[in-house]
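# Examination of the molecular architecture
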Amino acid sequence: PQDAAENAAQGANVVRIPLRWWGKYRTKNIDSRDDLATDTAGISPGNLKKLDEAIRSASNAKLWIVLFIDSACGQNGVQPDEIRYCDPTNEYGSKGHNFWTDPSMRKRYSAVWRFVAHRYKDTPYLGLFEPLPEINPPGVPAAEIKALYAELMGTIREVAPGVPFLIGGRHYQANAMGEVYDPAWKDVVY
């Protein structure tokens, strides 16, 4: 709880805050996906409470917030430690169980973003939404990655107009930035 104030006292002015949703993460109980939590769009109420606290602390400390939702399964689902977690029955094979091979999970992720964006849209010092970090689905063309960003940003804009976005190219590599660049997007930081 004291991190935000201590970081601000040391000169920090921005913080990147994650919500981990649908993925195998190193620490137990980090994955916030809870299919029974329909009131919170599939986000575990306990994890949502932690996110509320982190955002409130950062905002109170006047730290600009970059809020991102991570989905290690959704962004590609083929990392060695993710395969069994994301696709326990091996239904999706080498392409992984992700937002391209399972449109229903993509739709659920969009609903998570709609909920989160609406919940935090009026937070003081909310700087950027980051729809999906380190995106790198195997065998998916760049145009489809760009289309996912466009879809997610459209969903978020509906409920939180005016909040800009941070997006990256395939696997956050600078040389892949051209694949997702769109001069029509005036509210995007690359």
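In this text, all values refer to a predicted model and were calculated from it rather than measured experimentally. (Residues numbered from 1 in each chain as written. Predicted model: local features only at pLDDT ≥ 70, side-chain atom pairs only at ≥ 80, totals over all residues. Heavy atoms only, no water.)

## A few points about the overall build of the protein
If you tally the helices and strands in the protein, you get six helices and five strands. The order of helices and strands in the protein, counted from the N terminus, is α-β-α-β-α-α-α-β-α-β-β. For the protein, the C-alpha radius of gyration of 16 Å lies close to 16 Å, the compact-globule estimate for 190 residues. Judged by the C-alpha coordinates and their principal axes, the protein covers about 50 × 40 × 30 Å. Within the span of the protein, comprising 190 residues, buried residues form 45% of the whole. Within the protein, contacts between residues at least 6 apart in sequence are counted, and of these 69% link residues at least 24 apart. (Helix = DSSP H or I, 4+ residues; strand = E, 2+ residues; numbered from the N terminus. Rg over C-alpha atoms; globule rule 2.2 N^0.38 Å. Buried < 20%, exposed > 50% of the residue type's maximum accessible area, 1.4 Å probe, protein only. Contact = heavy atoms within 4.5 Å.)

## A short note on the pattern of salt bridges
What the rule picks out here adds up to 10 salt bridges. Among the salt bridges present, the one from arginine 114 reaches glutamate 158, with a minimum N-O distance of 2.8 Å. Here arginine 114, found in helix α5 (residues 103-120), pairs with glutamate 158, found in helix α6 (residues 142-159); they are 44 residues apart in sequence, far enough to count as distant. A relative accessible area of 32% places arginine 114 in the partly exposed class. One salt bridge connects aspartate 182 with lysine 146, and the closest N-O pair in it is separated by 3.8 Å. (Salt bridge = Lys/Arg side-chain N within 4 Å of Asp/Glu carboxyl O.)

## Looking at unusual backbone geometry
With a phi close to 65 degrees, tryptophan 22 is a non-glycine residue in the positive phi region. Topologically, tryptophan 22 is positioned in the loop between β1 (14-20) and α2 (45-60). You will see that alanine 41, though not glycine, has its phi angle at about 55 degrees, which is positive. Structurally, the position occupied by alanine 41 is in the loop between β1 and α2. Judged by relative accessible area, alanine 41 falls into the partly exposed class, the value being 26%.

## Comments concerning the nonpolar core
By size, the foremost hydrophobic cluster in this structure holds 45 residues, and its most contacted members are Trp21, Leu67, Phe99, Trp113, Val116 and Phe129. When residues of this core are traced back to their parent elements, those giving at least two are β1, α2, β2 (64-70), α5, β3 (126-130) and α6. When sequence neighbours within four positions are dropped, the list of residues in contact with phenylalanine 99 reads Trp21, Trp22, Ser71, Gly74, Gln75, Met105, Arg106, Tyr109, Leu132 and Leu148. (Core = buried A, V, L, I, M, F, W, Y, C linked by side-chain atoms within 4.5 Å.)

## A look at the pairing of β3
Among the five residues in β3, five count as buried, and that is most of the element. By the bridge criterion, four bridges tie β2 to β3 in an arrangement that is parallel. Looking across to β3, one finds that leucine 67 is bridged to phenylalanine 129. (Pairing = 2+ DSSP bridges.)

## A closer look at the packing of aromatic side chains
On inspection of all chains with the given rule, the structure shows seven aromatic pairs. Judged by centre distance (5.9 Å) and plane angle (45 degrees), the rings of tryptophan 22 and phenylalanine 99 are tilted. Taken together, the positions of tryptophan 22 in the loop between β1 and α2 and phenylalanine 99 in the loop between α4 (83-86) and α5 put the pair 77 residues apart, joining distant regions of the chain. Ring centres 5.2 Å apart and planes at 55 degrees place the aromatic pair tyrosine 181 and tyrosine 190 in the tilted group. Within the aromatic cluster, the residues linked to one another by ring pairs are Trp21, Trp22, Phe99 and Tyr109. We note arginine 16 situated over the ring of phenylalanine 68; from NZ or CZ to the ring centre the distance is 3.9 Å. Here the guanidinium or amino end of lysine 146 rests over the ring plane of tryptophan 185, the centre of that ring lying 5.9 Å away. (Phe/Tyr/Trp six-rings, centres within 6.5 Å; stacked < 30°, edge-to-face > 60°. Lys NZ or Arg CZ within 6 Å of the ring centre and 35° of its normal.)

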